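Secondary and tertiary structure notes
One-letter residues, chain by chain:
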Amino acid sequence: YTVGYREGFTAEVDRAMQTIAPADHPRHIKKDSSEWPVDWKAEWYRKEIRKAKGDIWFQSIVTGTLMNGSQIEGVVVNTPLGEGIIRCRCVVDSTGSADVAIAAGAGYEYTGKNSLAVQGAGLAKFSPEDHYNNTDWTFVDDTDIVDVTRLFIQTKIKNQGDYDIGKLPQTRERRRIIADYNVSVFDMINKRTYQDTISYHKSNFDTHGYTEDIFFTIKPPAHSGVTYDVKLPLRSLLPKGLSGILVTGLGCGVHRDAMPVVRMQPDLQNQGYAAGLIASETVKRNIPLRDMDIKHIQKQLVEKGSLPAEVLSETDIEPVAKKNLQDAIKQLPDAYSGLEKILAYPKDAIPLLAKAYKNVPVASKLYYANVLCMLGEPIGWETILDKVKTYDQWDTGWNYRGMHQFGFSLSELDNYIMALGNSKRKEVLPELIRLAKLLDTESEFSHIRAISIAFETIRSGSPVEVLYRLLIQPGMTGHQITNQYEATQKITLNIIDRVYVLEDSMRN
């Protein structure tokens, strides 16, 4: 509970934490603190739900949905009293993994055969006097009961002697729905506005791992002191093709590289309030979610303080006009200035970039060639190859870290290698093979990742042997956990990843 927008419903929650007990209570936290006793907050939520005549079902889990075509009509539940169905007209899916929406048939994105990127996760100890336990020491698929069991086994061993452990995996990345509109990195960077904004988010780029989007590959995200503010539309909470379901939090329709900015707890409290308000209105008025009078909702959220007043007059106007592409392309040699505007319209930008590459001075050609090749257009690959040939050795790369990861996760040379891979020109393979032969188990993660992706993208048999010899070196493999016994033998002792702990101890 650190960064985030603290007005609106979140301000109400914060005030409640200061008034739920007498000011002289020994567990009271200072007024300006972002901490609270966990059980106080849970109890406040419980009281508010009961005050609003809501029911709370403990020890119950949703395991399926009842559908009429694309319309949800109920959820299947397993409870201490057995299995049943709750009939409904609208569901707010705040599982964080879009479980209900996916059970109803929603499409989704997640790590898998197309992507291995995932943010670091953990599970914390718990004591009644604790207020803040932020962990990042593992990875876990919280839709896989075997993997979650492994996590709990390791956490119990890791925290022997402590009062208790947490009840939910502390995952920062989960399954994300294919929504009516999925918010992109370019929407975030370019501060896109929407006519149906329902939540407002403020955070630094707290990625806990590496990024994948082409923008961050070329131009790394800003350091921890830079705050982004992002607006999310109702459309990003609506699973495409389904009716009667809203998905909040980590499960909503946001690109994985934009999610670190919009997943902060104060912001999600306001988002959850908005989703509840919208769900209740659609049931009261007996209208579909997509027919909701969004301005009526926004006015209530502005009055509450959850949204800035400007959203009432904002529209879906593109944040970057295509007519400004030419100006942005001219700025590119200035440390990739204007890149976010160019990548917002890649198809329109490619012919303009190609023309600029031919006409700009030699000193500027590398910038245009790099962007073109990253976009899969092999114009200028020779320029990048000439640059790569100037490297006798690898530059300083990036080793995987989760906690406090800000800035680049690929080196300059890694960037050029990825670009050459995207060019798919087999002529670049001898140079990439030369560099691959320089790698070993002491090489940074980013170098091995970059060269592997480049070889995979070019799709040639010639680098197979060198890549194979690299990846079978001692220490490269064998880190997987395949059964529960192995889980008891492979436990990270620190609560955050080893790289950060090592560097911190060296500083001290």
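Our structure's up above, just so we're on the same page.
Now for a quick tour of the structure. (Residues numbered from 1 in each chain as written. Predicted model: local features only at pLDDT ≥ 70, side-chain atom pairs only at ≥ 80, totals over all residues. Heavy atoms only, no water.)

1. Re the nonpolar core
- The biggest cluster of nonpolar side chains holds 93 residues, and the ones touching the most others in it are Leu246, Leu353, Ile384, Ile417, Leu432 and Phe455.
- For this core, the element with the most residues is helix α13 (residues 362-374), which contributes 7 residues.
- Leaving out residues up to four positions away in the same chain, Leu432 has contacts with Ile417, Leu420, Ile451, Ala454, Phe455 and Ile458.
- Judged by nonpolar contacts, the second largest core, of 15 residues, contains Ile72, Val77, Val91 and Ala106. (Core = buried A, V, L, I, M, F, W, Y, C linked by side-chain atoms within 4.5 Å. Buried < 20%, exposed > 50% of the residue type's maximum accessible area, 1.4 Å probe, protein only. Helix = DSSP H or I, 4+ residues; strand = E, 2+ residues; numbered from the N terminus. Contact = heavy atoms within 4.5 Å.)

2. Topic: unusual backbone geometry
- Residues other than glycine seldom take positive phi values, yet Asn286 does so here, at roughly 55°.
- Note on placement: Asn286 falls in the loop between α8 (265-285) and α9 (294-304).
- Of note in the backbone geometry, Tyr336 takes a positive phi value of approximately 60° without being a glycine.
- Tracing the backbone through its elements, the reader meets Tyr336 in the loop between α10 (325-331) and α11 (339-342).

3. A closer look at the sheet that holds strand β2 (residues 71-79)
- The 3 strands are arranged β1-β2-β3 in an open sheet whose pairing can be described as antiparallel. A strand with exactly one partner marks an edge of an open sheet, and here the two such strands are β1 (61-68) and β3 (82-87). On average, adjacent strands in this sheet sit at an angle of 25° to one another, irrespective of strand direction.
- Pairing analysis gives 6 bridges linking β2 to β3, with the strands arranged antiparallel. When the sheet's bridge partners are listed, Val75 is paired in β3 with Ile86. (Pairing = 2+ DSSP bridges. Axes fitted to C-alpha atoms, helices over the stretch in contact; angles between N-to-C directions.)

4. Concerning helix α14 (residues 381-388)
- Restricting attention to buried positions, one finds in α14 the residues Trp381, Thr383, Ile384, Leu385 and Val388.
- As for α14, its buried residues are in contact with α12 (346-359), α13, α15 (412-423) and α16 (429-436).

5. Some details on the environment of Val320
- If you trace the backbone, Val320 turns up in the loop between α9 and α10.
- Separated by 129 residues in the primary sequence, Val320 and Lys191 place their C-alpha atoms 9.5 Å from one another.
- Among residues more than four places away in sequence, those in contact with Val320 are Asn190, Lys341 and Tyr345.

6. Focus on the packing of aromatic side chains
- Taken as a whole and judged by the stated rule, the model has 19 aromatic pairs.
- Between Phe205 and Phe216 the ring centres are 4.8 Å apart and the planes differ by 55°, which places this aromatic pair in the tilted class. On the criterion of sequence distance, the pair formed by Phe205 in the loop between β9 (197-203) and α6 (214-218) and Phe216 in helix α6 is long-range, its members being 11 residues apart. Phe216 shares its class with Phe205; the two are buried.
- Ring geometry for Tyr210 versus Trp398: centroids 6.4 Å apart, planes at 80°, classification edge-to-face. Here the residue Tyr210 occupies a position in the loop between β9 and α6, and Trp398 occupies one in the loop between α14 and α15, the gap between them amounting to 188 residues. Considered together, Tyr210 and Trp398 belong to a single accessibility category, that of buried residues.
- Members of the aromatic cluster, joined through ring pairs, are Phe139, Tyr210, Trp398, Tyr400 and Phe445.
- Above the plane of the ring of Trp137 lies Lys158, whose end atom (NZ or CZ) is 4.3 Å from the centre.
- The lysine or arginine in question, Arg235, covers the ring of Tyr181, its NZ or CZ lying 5.8 Å from the ring centre. (Phe/Tyr/Trp six-rings, centres within 6.5 Å; stacked < 30°, edge-to-face > 60°. Lys NZ or Arg CZ within 6 Å of the ring centre and 35° of its normal.)

7. Remarks on the packing of α13 against α15
- Contact pair α13 / α15: the axes reach a minimum separation of 7 Å and the direction vectors enclose 55°. One element, α13, and the other, α15, form an angle in the oblique class. Here α13 runs over α15; the crossing is left-handed. Taken together, the residues of α15 that come into contact with α13 (itself represented by Leu366, Asn370, Cys373 and Met374) are Asn415, Tyr416, Met418, Ala419, Asn422 and Ser423.
- When its residues are assigned to classes, the contact of α13 with α15 shows 6 nonpolar, 4 polar and no charged. (Parallel < 35°, antiparallel > 145°, perpendicular 65-115°, else oblique. Left-handed = near helix turned anticlockwise from the far one by under 90°. Nonpolar A, V, L, I, M, F, W, Y, C, P; charged D, E, K, R; others polar.)

8. Describing α13
- Across its 13 residues, α13 extends 19 Å between first and last C-alpha, which sits within 8% of the 18 Å expected from 1.5 Å per residue.
- Burial within α13 is extensive, with 10 of its 13 residues counted as buried.
- Three or more residues of α13 are buried, namely Ser364, Lys365, Leu366, Tyr368, Ala369, Asn370, Val371, Leu372, Cys373 and Met374.
- Where α13 is buried, its residues meet α6, α10, α11, α12, α14 and α15.
- With its phi angle positive at about 85°, Gly376 sits one or two positions after the end of α13. (Expected span 1.5 Å × (residues − 1).)

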